[in-house]
Amino acid sequence: MIDPHLKRLLQGLRPDAGLFILTGAGISRESGLLTFRDGDGLWEKERLEDVATPQAFARDPARVQGFYNARRRAVLHPDVQPNEAHRALVRLEREWRGPFLLVTQNVDDLHDRAGSARMLHMHGELLKIRCAVCDRMAAFSGDLAVDNVCPDCGDRGTLRPHIVWFGEMPLYMDEIGQALDEAALFIAIGTSGTVYPAAGFVAAARANGAVTVEVNMEETGGSFDGGLYGPATQTVPALVNSLLESVR
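Residues numbered from 1 in each chain as written. Predicted model: local features only at pLDDT ≥ 70, side-chain atom pairs only at ≥ 80, totals over all residues. Heavy atoms only, no water.

Under an unreviewed UniProt entry, the name given to the protein chain is NAD-dependent protein deacylase, and the source organism is Niveispirillum cyanobacteriorum.

Set out below in structure tokens:
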């Protein structure tokens, strides 16, 4: 499954090289979660302008809360579990000897449940809420109503999903930038690579001399040095095996 060109790229790495992994919705697709850009995806049912912007929340908070309540219930469905791709990345994190950071664009908790530790949720987390007034954050797994009261500041109607909406700045950008500067290998898994700032990560990594690898269902046309294409539950474990073997 790993072609000779990709094997050569991996074999040139030092065992203590910095590793940066970016994951997107494609890694969770085989766990039963819809992606946004598939034909049956979430944007086929809702326009982002109506449910995923600060303006939408101000205009129709009940609709926005309902959208994220449904997504929260979907993530918590008993059939939605970490898959082989999530578990392979946990193995890679545990066995990699150099600096390691996994940055996910996903708001689900599948990486967390699989056991990933050196990880950042750059777009927030579906199973957390925060107050728009006092910025209080808390774990939350139920349905959030428009008139819920913040237990810290007492304001009503200010609790929102801990999600980075379109038009808002992603989280942890300083930490992400530092890890990109230190990375010798950049791997993008299951992401379309079209939404900024994450879409610029591959260029930043290449500018610093990193080897860049795309893992996806099909080639996205990005400027990667190599790629591996097919279902994430097959490609990610294969890449992890090859990568660990190459640095032994």
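One pass over the full model with this rule turns up five aromatic pairs. On the numbers, 5.0 Å between centres and 90° between planes, the contact of Phe-67 with Tyr-68 is edge-to-face. Across the pair, Tyr-68 and Phe-67 agree in class, each one buried. Ring geometry for Tyr-68 against Trp-165: centres 6.3 Å apart, planes inclined by 45°, an arrangement best described as tilted. (Phe/Tyr/Trp six-rings, centres within 6.5 Å; stacked < 30°, edge-to-face > 60°. Buried < 20%, exposed > 50% of the residue type's maximum accessible area, 1.4 Å probe, protein only.)

Cross-referencing UniProt, the feature "binding site: NAD(+)" (unreviewed entry) maps to Gln-105, Asn-106, Val-107, Asp-108, Gly-190, Thr-191, Ser-192, Asn-216, Met-217, Glu-218 and Ala-232 in the present numbering. A maximum C-alpha distance of 22.8 Å shows the annotated residues, which cover 128 residues in sequence, to be distributed over more than one spot. For Gly-190, the position within the fold is in the loop between strand S7 (185-189) and helix H8 (201-207). With residues near it in sequence (within four places) discarded, Gly-190 still touches Gly-24, Ala-25, Gly-26, Ile-27, Val-215 and Asn-216. (UniProt positions renumbered as here; feature names shortened; annotations may be inferred. Helix = DSSP H or I, 4+ residues; strand = E, 2+ residues; numbered from the N terminus. Contact = heavy atoms within 4.5 Å.)

It is the contact of helix H5 (residues 84-95) with helix H9 (residues 232-246), at a shortest axis distance of 7 Å, that shows an interaxial angle of 15°. Of the possible angle classes, the one that applies to H5 and H9 is roughly parallel. The element H5 and its partner H9 pack so that their crossing is left-handed. Counting all contacts with H5, which are made through Glu-84, Ala-85, Ala-88, Leu-89, Arg-91, Leu-92 and Glu-95, the residues of H9 involved are Ala-232, Thr-233, Val-236, Pro-237, Val-240, Asn-241, Leu-243 and Leu-244. Of the residues in the contact of H5 with H9, the class split is ten nonpolar, two polar and three charged. (Axes fitted to C-alpha atoms, helices over the stretch in contact; angles between N-to-C directions. Parallel < 35°, antiparallel > 145°, perpendicular 65-115°, else oblique. Left-handed = near helix turned anticlockwise from the far one by under 90°. Nonpolar A, V, L, I, M, F, W, Y, C, P; charged D, E, K, R; others polar.)

What follows covers the pairing of strand S8 (residues 211-216). Most of S8 sits inside the fold, with six of its six residues counted as buried. Neither face of S8 is exposed, since Val-211, Val-213 and Val-215 on one face and Thr-212, Glu-214 and Asn-216 on the opposite face are all buried. Here five bridges tie S7 to S8, and the two strands are oriented parallel to one another. Considered in S8, the bridge of Ala-188 is made with Glu-214. In this structure, S8 lies alongside strand S9 (residues 226-229), joined through four bridges in parallel fashion. The residue bridging Val-215 from the neighbouring strand is Leu-228, located in S9. (Pairing = 2+ DSSP bridges.)

Let us now look at the sheet that holds strand S6 (residues 159-163). Spatially, three strands are ordered S5-S4-S6 in an open sheet, and the strand pairing comes out antiparallel. Every other strand in the sheet has two partners, leaving strand S5 (137-139) and S6 as the edge strands with one partner each. The mean inter-strand angle of the sheet, taken between neighbouring strand axes irrespective of direction, is 40°. Pairing of strand S4 (residues 124-131) with S5 involves three bridges; the strand directions are antiparallel. Within the sheet, the bridge partner assigned to Arg-130 lies in S5 and is Met-137.

Moving on, we come to the pattern of salt bridges. Oppositely charged side chains can form a pair if their charged atoms are brought close together. Tallying each qualifying case throughout the model produces 14 salt bridges. Between Arg-59 and Asp-50 there is a salt bridge whose closest N-O contact spans 3.9 Å. With its nearest N and O atoms 3.7 Å apart, the salt bridge here joins Glu-95 to Arg-248. One end of the pair, Glu-95, is in helix H5; the other, Arg-248, is in the segment after H9, with 153 residues separating them in the sequence. Among the ionic contacts, a cluster of salt bridges with common partners joins Asp-50, Arg-59 and Arg-63. (Salt bridge = Lys/Arg side-chain N within 4 Å of Asp/Glu carboxyl O.)

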